[in-house]
Amino acid sequence: MDESQRLEKENHFQFYKRYPVTFVEGKGTRLKDTNGKEYIDALAGIAVNSIGHCHPNVVKAIQNQAEKLIHITNLYYNEPQSKLALLMTEISGLDRIFFTNSGGEAVEGAIKLARRYAFKKGRKGNIVSMHGCFHGRTLATTAMGKKKYQEGFDPIPGGFLSIPFNDINTLENVVHNDVIAVIIEPVQGEGGIRIANTGYIQKVSEICKENDILLIFDEIQCGMGRTGKMFAFQHFGVIPDILTLAKALGGGFPIGAVIARQEIAEAFDYGIHGTTFGGNPLACAASLATVNTIISENLSDQAQQKGEYLIEKLKDAAKKVSGIKEVRGLGLMIGVELEFNGAEVVNKMMEKGVLANCTEETIIRLVPPLLITKEELNQVFNALILSIEEVQNNG
C-alpha cells in the first residue's frame with residue numbers, strides 16, 4: 001500500500017472498492033502508475049476521457065482560461081459559456097441549454113424541467129424510467145433506478161414509475177396513468193451495454209407525442225461520439241424533447257448539460273432553477289476544446305469503424321472461446337457478457353496492462369478513448385480473451 005492509498009483509507013469515506021493501484025500520469029489512451037507501469041485505458045474514466053487523457057487541445061484551453069478567469073457567477077455573462085451554448089444547440093438540433101457540474105445534476109435538472117413544464121399545463125404525474133437504468137446517485141435519480149441503490153435511504157421520493165426496457169406493451173399500458181415524461185438511455189451503460197431497439201424508440205417517441213408526454217434521453221454515458229454518432233439518438237431517427245449530457249462533454253473536466261426544445265425550456269422562469277458553479281468559464285473552455293476536437297478529428301466516425309472492428313473480433317472469438325454468452329455494442333460502447341462473474345477477468349486484464357470493468361456482475365464493459373488505435377484494440381482484445389481463458393482454467 002503506497003502513501004496515497006494509506007491516506008485514502010484513513011481519511012476518505014469508504015464507499016469505493018478501489019483497485020490497489022495509484023495513477024500519476026495519463027496521455028492519450030495510456031495511464032502510468034506510481035511504479036512506472038503503463039496501461040491501456042479501455043475504461044476511459046467510465047466513458048469520460050473520450051478524446052484521451054490530457055489531450056493537448058484541452059490542456060491548452062484550460063491553461064489559457066485559468067490565466068484569465070476561472071469563476072464568476074451566472075448573474076453575469078461569460079464568453080466560453082455563450083460560445084459553448086451556441087455550439088451545443090447547433091449540433092444537437094435542440095434550442096436551449098443550461099450547464100451543470102455533473103450527470104446527476106443534469107438529470108435532476110431534466111426532472112425539474114419536466115415537472116415544471118407539466119405544472120405550467122395544469123398537470124402533474126409520474127416520470128417513467130426503465131429497468132436496468134442508471135441516472136445518478138442523488139435521491140431523485142436513485143428513485144428511478146435499481147433497488148440496491150435505494151436501500152437505507154427511505155423515504156424515497158415519489159413520482160416515478162419503473163417499467164421493463166425495450167417493452168412497448170408495458171409502456172402503452174401505463175402512459176395514461178398521469179405520466180408526464182419518459183426517460184431512456186438509448187444505450188444502457190451501467191445496465192450492461194443494452195441497446196434500445198430502433199422500433200421501440202420510434203414507438204416510444206410516437207406515444208409521447210400523442211399523449212403530450214416529454215421524451216428525455218439520458219446520454220450521459222452514450223453521448224458525445226461514443227456510439228459512432230455525436231448523439232446516440234441520431235441512430236434512431238427521433239429527436240428527444242430533453243437531452244442530458246456529462247462525462248465526455250468536458251474531456252475529463254467536470255461539466256454536465258440539459259438541452260431542450262424552446263417550448264419546454266420556457267417552463268423555467270427567471271430564478272426557478274440555477275447553479276453556482278455550472279457553466280463556469282474554466283469548465284466551458286475545456287468543453288469547447290473537447291467538442292471541437294471530437295468534430296475536427298472525426299472521432300464519431302472513428303468510434304463507429306473501430307467499434308465494428310472490435311465487436312466483429314469479439315463475436316468471432318465467442319464462437320471459439322467458452323464462457324462468452326453474448327457480445328453487444330454500438331460504436332466504442334461494448335459489452336462482453338460472460339457465463340460467470342467477471343470480476344477476476346478484470347483483475348487479470350489489469351495484470352496484463354489493460355483497464356476495463358465489470359458491470360451487472362457478468363458484463364465486461366469496454367469504453368476506450370475514441371482515438372484508440374487498431375493495434376491497441378488488438379491488445380485489449382488479446383488481454384480480454386487470455387484473461388477469460390485463464391480464469392476458466394483456474395476455476
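Residues numbered from 1 in each chain as written. Predicted model: local features only at pLDDT ≥ 70, side-chain atom pairs only at ≥ 80, totals over all residues. Heavy atoms only, no water.

Trainee: Sorry, what's going on with unusual backbone geometry here?
Mentor: Trans peptide bonds make up the majority, and among non-glycine residues the majority have a negative phi. For the bond running from Asp154 to Pro155, omega is 0°, close enough to zero to count as cis. Checked against the element boundaries, Pro155 lands in the loop between α6 (139-143) and β6 (160-163). At Lys247, a position not held by glycine, the phi torsion is positive, near 40°. By relative accessible area, which is 24% here, Lys247 ends up partly exposed. (Helix = DSSP H or I, 4+ residues; strand = E, 2+ residues; numbered from the N terminus. Buried < 20%, exposed > 50% of the residue type's maximum accessible area, 1.4 Å probe, protein only.)

Trainee: In this structure, what is going on with the pattern of salt bridges? I would like to understand it.
Mentor: A pair can form between side chains of opposite charge whenever their charged atoms are brought close. The tally for this structure, following the rule as stated, stands at 19 salt bridges. Here Glu190 makes a salt bridge to Arg365, at a shortest N to O gap of 2.9 Å. Of this pair, Glu190 sits in the loop between β8 (187-188) and β9 (194-195) while Arg365 sits in strand β17 (residues 363-366); the two residues are 175 residues apart in sequence, bridging distant segments of the chain. Classification of Glu190 as buried rests on a relative accessible area of 17%. (Salt bridge = Lys/Arg side-chain N within 4 Å of Asp/Glu carboxyl O.)

Trainee: What am I meant to see in the packing of aromatic side chains here?
Mentor: Two aromatic rings, taken as a pair, are described by how far apart their centres are and by the angle between their planes. Counting across every chain of the model gives seven aromatic pairs. Ring centres of Phe15 and Tyr16 lie 4.8 Å apart, and the angle between their planes is 85°; this geometry places the pair in the edge-to-face category. Its relative accessible area of 48% is what places Tyr16 among the partly exposed residues. When the ring of Phe23 is compared with that of Tyr39, the centres are 5.2 Å apart and the planes differ by 90°; the resulting orientation is edge-to-face. Placement of Phe23 in strand β1 (residues 23-27) and of Tyr39 in strand β3 (residues 38-41) is noted, with a sequence separation of 16 residues between them. (Phe/Tyr/Trp six-rings, centres within 6.5 Å; stacked < 30°, edge-to-face > 60°.)

Trainee: Got a minute to help me understand the sheet that holds strand β7 (residues 179-184) in this structure?
Mentor: Across the sheet, which stays open at both edges, the seven strands sit in the order β4-β12-β11-β10-β7-β5-β6 with mixed pairing between neighbours. A strand with exactly one partner marks an edge of an open sheet, and here the two such strands are β4 (96-100) and β6. Within the sheet, the average angular offset between the axes of one strand and its neighbour, ignoring direction, is 20°. Both strand β10 (residues 214-218) and strand β11 (residues 242-245) contribute to a ladder of three bridges, which runs parallel. Counted as the bridge partner of Ile216 is Ile242 from β11. (Pairing = 2+ DSSP bridges. Axes fitted to C-alpha atoms, helices over the stretch in contact; angles between N-to-C directions.)

Trainee: Can you help me understand the nonpolar core in this one?
Mentor: Generally speaking, a soluble globular protein has its nonpolar side chains buried in company with each other. In this structure, Met88, Val182, Ile184, Met224, Ile364 and Leu366 are the most contacted members of the largest nonpolar core, which totals 80 residues. Of the residues forming this core, the biggest block, eight residues, is contributed by helix α13 (residues 374-394). Residues in contact with Leu366, not counting those within four places in the same chain, are Ala42, Leu310, Leu314, Leu332, Met333, Ile334, Met349, Ala356, Val380 and Leu384. By size, the runner-up hydrophobic cluster in this structure holds 26 residues, among which are Leu113, Ile180, Ile242 and Ala246. (Core = buried A, V, L, I, M, F, W, Y, C linked by side-chain atoms within 4.5 Å. Contact = heavy atoms within 4.5 Å.)

Trainee: Would you explain the packing of helix α3 (residues 56-66) against helix α10 (residues 281-296) in this entry?
Mentor: Two measures define how a pair of helices packs: the angle their axes make with one another and the distance between the axes. Close contact between α3 and α10 brings their axes to 8 Å; oriented N to C, the two are set at 155°. Taken together, the axis directions place α3 and α10 in an arrangement best described as roughly antiparallel. Considering the relative orientation of α3 and α10, their crossing is right-handed. When α3 is examined against α10, the residues Asn57, Val58, Ala61, Ile62, Gln65 and Ala66 are found in contact with a partner set consisting of Pro281, Leu282, Ala285, Ala286, Ala289, Thr290 and Thr293. Here the contact of α3 with α10 is composed, by residue class, of nine nonpolar, four polar and no charged. (Parallel < 35°, antiparallel > 145°, perpendicular 65-115°, else oblique. Left-handed = near helix turned anticlockwise from the far one by under 90°. Nonpolar A, V, L, I, M, F, W, Y, C, P; charged D, E, K, R; others polar.)

Trainee: Is there a simple way to explain α3 in this structure?
Mentor: Count 3.6 residues to each turn of an α-helix, and residues three or four apart come out pointing the same way. Buried within α3 we find Val58, Ala61 and Gln65. Considered in projection along α3, the buried side chains sweep an arc of 65° and stay on one side of the axis. Across from the buried face of α3, at angles greater than 90 degrees, the exposed residues are Pro56 and Lys60. Tucked inside the fold, the buried residues of α3 contact α4 (79-92) and α10. (Arc of directions from axis to C-beta.)

Trainee: How should the sheet that holds strand β15 (residues 354-355) be read in this particular structure?
Mentor: Strand pairing within a sheet occurs via backbone hydrogen bonds; the two strands may be parallel or antiparallel. Within the open sheet, the four strands sit side by side as β1-β2-β3-β15. Their pairing is mixed. Across the chains shown, the open sheet's two edge strands, defined by having one partner strand only, are β1 and β15. Bridge count for β1 against strand β2 (residues 30-33) is four bridges, and the pairing is antiparallel. Its bridge partner being in β2, Gly26 is matched across the sheet by Leu31.

Trainee: What is the right way to look at α10 in this model?
Mentor: For α10, spanning 16 residues, the distance from its first C-alpha to its last is 22 Å, which sits close to the expected 22 Å at 1.5 Å a residue. α10 sits mainly inside the fold: 13 of its 16 residues count as buried. Just past α10, the residue Asn298 takes up positive phi, approximately 50°. (Expected span 1.5 Å × (residues − 1).)

Trainee: Could you clarify how one ought to interpret the pairing of strand β14 (residues 333-338) in this entry?
Mentor: Regular strands show a simple pattern: their side chains alternate between the two faces of the sheet. For β14, the buried fraction is high: six of the six residues fall into the buried class. Along β14, one buried face is formed by Met333, Gly335 and Glu337 and the opposite face, lined by Ile334, Val336 and Leu338, is buried too. For strand β13 (residues 324-330) and β14, the ladder comprises six bridges, and the chain directions are antiparallel. Of the residues in β14, the one forming a bridge with Ile324 is Leu338. Once β13 ends, the chain turns through two residues before running back antiparallel as β14, passing Gly331 with a positive phi of about 60°.

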